[in-house]
Amino acid sequence: MLFSSKAKHRRPSKAVRVATLAGVAGAAVVVPLMGATGASAASVATWDAVAQCESGGNWSINTGNGYYGGLQFSESSWAAAGGTQYASRADLATKSQQIAAAEKLLDMQGPGAWACAGAGNLTNDGVDPGVDTGSTQDSADEQQAQPERQAEQPTTRSEQRTAPKTEAPKTVTTPTGEKVKKGDGEYKVKAGDTLSKIAEKRDVKGGWEKLFKLNDDIVKDADLIFPGQQLHLTK
């Protein structure tokens, strides 16, 4: 699913996903939620391969482990990628709609958002899958059962020196247009960041859980952090 410091819109000790998206959080990138074609895109065949690894190819799976659909979206990553315009959870959306949301998440977090990216050779290859999000077809073979499994957490992240706090805005805007607290910590979140990745890179004692506690005044969901937020690495 999405990661172990690799990928998904999930969590570290389990499968991982977004920064700020599951277990180890990865950061959603400031990219408008328009059509997910262009620079970051992959073919339907590639998404089928990723789904086969993530969920056994079952696009409507819901095992109760907090991750849904063929590409195992957490609810927070599904919302961040604009999936709620189709359905409240990924497993309630069609395959085409899930792929459309995955394209946006790929654009925001890169292949690292999925632990199974390697199994599907998922890359930002620029191939427009050309899915029809208005379609309702869900084939019988997309309804296969699959055992519960853990999700991993995703993505890479870069460091950046904290900018001077002169007239700095107190909020940052998320991909959905919502404003969240920016914070005033020494680490500035970059696109592709996750709490687990940041904790590992900056040697935060206590890992992503400690980092989450240190910043619980601005980070409300360990699976969702946003570029521009400034996190404290120590007390």
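The coordinates are above.
Attention here is on the structure that accompanies the text. (Residues numbered from 1 in each chain as written. Predicted model: local features only at pLDDT ≥ 70, side-chain atom pairs only at ≥ 80, totals over all residues. Heavy atoms only, no water.)

A look at helix α3 (residues 95–109)
Point 1. The terminal C-alpha atoms of α3, which comprises 15 residues, lie 20 Å apart, in line with the 21 Å expected from a rise of 1.5 Å per residue.
Point 2. Immediately downstream of α3, the backbone of Gly110 shows phi near 85 degrees, a positive value. (Helix = DSSP H or I, 4+ residues; strand = E, 2+ residues; numbered from the N terminus. Expected span 1.5 Å × (residues − 1).)

Thoughts on the side chain of Asp193
Point 1. Considering the arrangement of structural elements, one finds Asp193 in the loop between β5 (187–188) and α4 (195–201).
Point 2. Accessibility expressed as a relative area gives 0% for Asp193, which makes it buried.
Point 3. Polar side-chain contacts of Asp193 include one of 2.9 Å to the side chain of Tyr187.
Point 4. At a separation of 2.8 Å, a polar atom in the side chain of Asp193 contacts the main-chain amide nitrogen of Lys190. (Buried < 20%, exposed > 50% of the residue type's maximum accessible area, 1.4 Å probe, protein only. Polar contact = N/O pair within 3.5 Å; in protein donor to acceptor, adjacent residues only side chain to side chain.)

A look at the packing of aromatic side chains
Point 1. Tallying each qualifying case throughout the model produces 2 aromatic pairs.
Point 2. Look at Trp47 and Trp114: their rings are 5.1 Å apart centre to centre, the planes differ by 65 degrees, and that puts the pair in the edge-to-face class. You can see Trp47 sitting in helix α1 (residues 44–55) and its partner Trp114 sitting in the loop between α3 and β3 (171–173), a full 67 residues away along the chain. Per residue, the accessibility class of Trp47 equals that of Trp114, and both read buried. (Phe/Tyr/Trp six-rings, centres within 6.5 Å; stacked < 30°, edge-to-face > 60°.)

A look at the environment of Asn65
Point 1. When you line up the elements, Asn65 lands in the loop between α1 and β1 (67–68).
Point 2. With relative accessibility at 18%, the residue Asn65 sits in the buried group.
Point 3. A polar contact is formed between the side chain of Asn65 and the side chain of Thr63, at a distance of 3.2 Å.
Point 4. Reaching out from Asn65, the side chain makes a polar contact with the backbone nitrogen of Tyr67 at a distance of 3.1 Å.

Brief notes about α1
Point 1. Here α1 contains 12 residues, and its C-alpha end-to-end distance of 16 Å stays within 8% of the 16 Å for a straight helix at 1.5 Å per residue.
Point 2. When α1 is considered as a whole, its buried residues turn out to be Thr46, Trp47, Val50, Ala51, Glu54 and Ser55. Down the axis of α1, the sector holding all buried residues measures 135 degrees, keeping them to one side.
Point 3. Looking at the packing, one finds that the buried side of α1 touches α3.
Point 4. Gly56 occupies a position one or two residues after α1 and carries a positive phi of about 70 degrees. (Arc of directions from axis to C-beta. Contact = heavy atoms within 4.5 Å.)

Examining the pattern of salt bridges
Point 1. This structure, assessed with the given rule, holds 2 salt bridges.
Point 2. For the salt bridge of Lys95 with Asp48, the shortest nitrogen-to-oxygen distance reads 2.8 Å. Placement of the pair is Lys95 in helix α3 and Asp48 in helix α1, with a sequence separation of 47 residues.
Point 3. Here Asp91 makes a salt bridge to Arg89, at a shortest N to O gap of 2.9 Å.
Point 4. Taking the relative accessible area as the measure of exposure, Arg89 reaches 22% and is therefore partly exposed. (Salt bridge = Lys/Arg side-chain N within 4 Å of Asp/Glu carboxyl O.)

Just geometry here; none of it tells us what the structure is for.
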